[in-house]
Amino acid sequence: MVDEAVGAMDMGSDERVRRRDRSAVLRMTEVEAAELAITPRNPITGEVADERMILNMGPAHPSTHGVLRLLLEMEGETVLRSKPIIGYLHTGMEKTGENLTFLQGPTNVTRMDYASPLFSELVFSLATEQLLGIEVPTRATWIRMLMCELNRVSSHLLFQATNGMDLGAVSMMIYGWREREEVLRFFEKVTGLRMNHNYIRPGGVAADLPDGWQDDIRHLLEIIPPRLDEYEILLNNQPIFRARLQGVGVLEPAEALALSVTGPILRATGYDWDLRRDEPYLAYDQVDFDVVVGTCGDSFDRYAVRLEEIRQSLHIVEQILDLMPDGDYRTQDKKVTPPPRARIDESMEALIHHFKIFTEGFHVPEGEVYAAVESPRGELGCYIVSDGGPKPYRMHIRGPSFANLQTLPHLMHGRLIADAVAVISSVDPIMGEVDR
Amino acid sequence: MSDTEATVEEAAPVPASTSCGQSVLHPGRDAYLGTVESLRNEGYCSAIDLTVVDYLTHPGRTDLPEGIEPERFEVVVGLIDHARRTRIRLRVQVPADDPTVPSLFDLFPGTEAMEREAFDLFGVSFEGHPDHSRILLPEDWVGHPLRKDEGIGAIPVQFKAASERR
């Protein structure tokens, strides 16, 4: 009886050794992990036969940014292999997108990356416009650019807040949230909502900027930069903050490219790539800004790159303030843009267009297209297939966080579990976009 | 590596087309892996996107070049070349009765999660994938919801704690 038990345990440990290869990714199902999680004991002596254990972290852990769950293979406090488990926020938004018209589409995609909703709307609109073959008025392009850069500021401020909170700098959380609120207040004034705006739509934007928007922008440009300096004073020279970030979660440029990583995480490795400069969309070729790169690719670089990107975005916003052209804020193509309310009372044609656009939706020529923008988290792509109807035949969003999450096991490998928290925070995943 | 390259060069050139100004290649399933490998050697350094389209209810698409037989599934891969600042898209036809394609994991490890997602939502299998499992849906889920024959709301949402009668 005892011999049998010992024999079974030996076979089990062979299996364990085979599974524990040198790679950083824990590739097993939850059931297999649950079997491994039971610490085997020698049935005769009662000693623990295996020091390693499988630990579950999340999905309801405050440092996992929503509903990220991790399976961690631990030896003591050291993380060996790990596996991110996602899908807790999966609501089938790509399927939903196939059942909404192109005009309704932005209301759907804006809920994906809820920290930077305008980028999802933008990329969906850009893809639709490429299929339609329509030109957007210059002012609409510049309004889009203004709103997106402010959204990048608010998103990176959110990162600064949560990153500080995860590392114990709780006052940073309050400060980051405070400045983000200033930006969201401007969004509310322009779009009516703080988040999930449905502001950027195929054909332009939903409404023109309100009167006096320049003063609001000048106010933002006045208050945010000095507070960024305060963050640097607060965080950069704080020994605990530095010790917990420097040299933690180092990523090489080659690794990042192999893992399809984009955005600040790629740039923090020292790799110089930004879609705004390298594949200019909107009017980014007409404004001046620097692409911020890091040197070591560690968590501190990812923090520093995002902080400096706020400054660059504000620099772009400052130029937009002077360069904003006059004109229409949406295309005058009557098949795409609903007529103004006043026209409906006097023109039968306007009434028909209004009715057709809001019931059936406008038809988009058959074809397929991929559009990409540089969101605060990396390359946000939208792949749309149209069968000539008023709804996308297939609508796929390439979420940057989804690809970036694949770096977690590599960044955590061989580090302490406390570093895992710093690493998750520095990758800055938005689970709404990961799970879609 | 050189074997695959040689076969690609000897074989007929991969049919190409453009869509909204974007270049698209249409390799067959046999040439898929070799094409991606030679593109990677040419400088396409990162696989940005991988997804699947189910053309069940839109079979007569007209954007395929001559000689490409449309099938139900299409695996769509987006590659990017940073040095030349170009992108290329591959569209691979996958028949409904044998929905398998080789995995790109060995060439671009970043496609691991994307291929899992494609398998999860479309039921297209990727041969040679190191962790061929569902990623977004629960492991015991039945069906592949982004297929066109899975209707919206067709599956009643069940909560494990919900009692049968209220």
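Criteria and thresholds
Residues numbered from 1 in each chain as written. Chains lettered and ligands numbered in written order. Predicted model: local features only at pLDDT ≥ 70, side-chain atom pairs only at ≥ 80, totals over all residues. Heavy atoms only, no water. Contact = heavy atoms within 4.5 Å. Buried area = accessible area lost by both parts, 1.4 Å probe. Salt bridge = Lys/Arg side-chain N within 4 Å of Asp/Glu carboxyl O. Polar contact = N/O pair within 3.5 Å; in protein donor to acceptor, adjacent residues only side chain to side chain. Helix = DSSP H or I, 4+ residues; strand = E, 2+ residues; numbered from the N terminus. Nonpolar A, V, L, I, M, F, W, Y, C, P; charged D, E, K, R; others polar. Expected span 1.5 Å × (residues − 1). Buried < 20%, exposed > 50% of the residue type's maximum accessible area, 1.4 Å probe, protein only. Pairing = 2+ DSSP bridges. Axes fitted to C-alpha atoms, helices over the stretch in contact; angles between N-to-C directions. Phe/Tyr/Trp six-rings, centres within 6.5 Å; stacked < 30°, edge-to-face > 60°. Lys NZ or Arg CZ within 6 Å of the ring centre and 35° of its normal.

Asker: So what exactly am I meant to see when it comes to the interface of chain B and chain A here?
Answerer: Think of interface size as the accessible area that goes away when the parts come together; that is how it is often given. Counting from both sides, the interface comprises 53 residues of chain B and, opposite them, 49 residues of chain A. Carbon and sulfur atoms supply 51% of the area buried between chain B and chain A, which totals about 4000 Å² over both sides. Counting across the interface, chain B meets chain A through eight salt bridges. The residue Arg-85 of chain B makes a salt bridge to Asp-278 of chain A at a minimum N-O spacing of 2.9 Å. At the junction of chain B and chain A, the tally comes to 29 residue pairs in polar contact (both at pLDDT 80 or more). For the side of chain B that touches chain A, the elements supplying multiple residues, two or more each, are strand 2 (22-25), strand 3 (46-54), strand 4 (73-81), strand 5 (86-94) and helix 3 (111-122) of chain B. The element best represented in the side of chain B that touches chain A is strand 3 of chain B, accounting for nine residues. The class makeup of the residues in the side of chain B that touches chain A is 26 nonpolar, 11 polar and 16 charged.

Asker: Explanation requested: helix 2 (residues 29-42) of chain B in the structure shown.
Answerer: At 3.6 residues per turn, the α-helix brings residues three or four places apart onto the same side. Residues and elements named next belong to chain B. Taking 1.5 Å as the rise per residue, helix 2 with 14 residues should run 20 Å; its terminal C-alpha atoms sit 20 Å apart, in good agreement. Listed as buried for helix 2 are Tyr-32, Gly-34, Thr-35, Val-36, Glu-37, Ser-38 and Leu-39. Positive phi appears at Gly-43, one or two residues downstream of helix 2, with a value of about 130°.

Asker: Help me out: how do you make sense of the sheet that holds strand 1 (residues 52-57) of chain A in this one?
Answerer: The pairing of strands in a sheet happens through backbone hydrogen bonds and is either parallel or antiparallel. Residue and element names in this part refer to chain A. Spatially, the three strands line up as an open sheet ordered 1-2-3, and their pairing is antiparallel. With partners counted over all chains shown, the strands left at the sheet margins are strand 1 and strand 3 (78-85), one partner each. Ignoring strand direction, the axes of neighbouring strands in this sheet form an average angle of 20°. When strand 2 (residues 69-75) meets strand 3, the two strands line up antiparallel, connected through six bridges. By the bridge assignment for strand 3, Leu-71 is matched with Lys-83.

Asker: Could you clarify how one ought to interpret the packing of aromatic side chains in this entry?
Answerer: Two aromatic rings are characterised by how far apart their centres lie and by the angle between their planes. With the rule as written, the count across this model stands at seven aromatic pairs over all chains. Where Tyr-393 of chain A meets Tyr-55 of chain B, the ring centres are 5.7 Å apart and the plane angle is 15°; that geometry is what we call stacked. Here Tyr-393 of chain A is found in the loop between strand 7 (378-386) and strand 8 (394-398), whereas its partner Tyr-55 of chain B is found in the loop between strand 3 and strand 4 on a different chain. The two residues Tyr-393 of chain A and Tyr-55 of chain B agree in class, both being buried. The ring centre of Phe-300 of chain A lies 4.5 Å from the NZ or CZ of Arg-242 of chain A, which sits over that ring.

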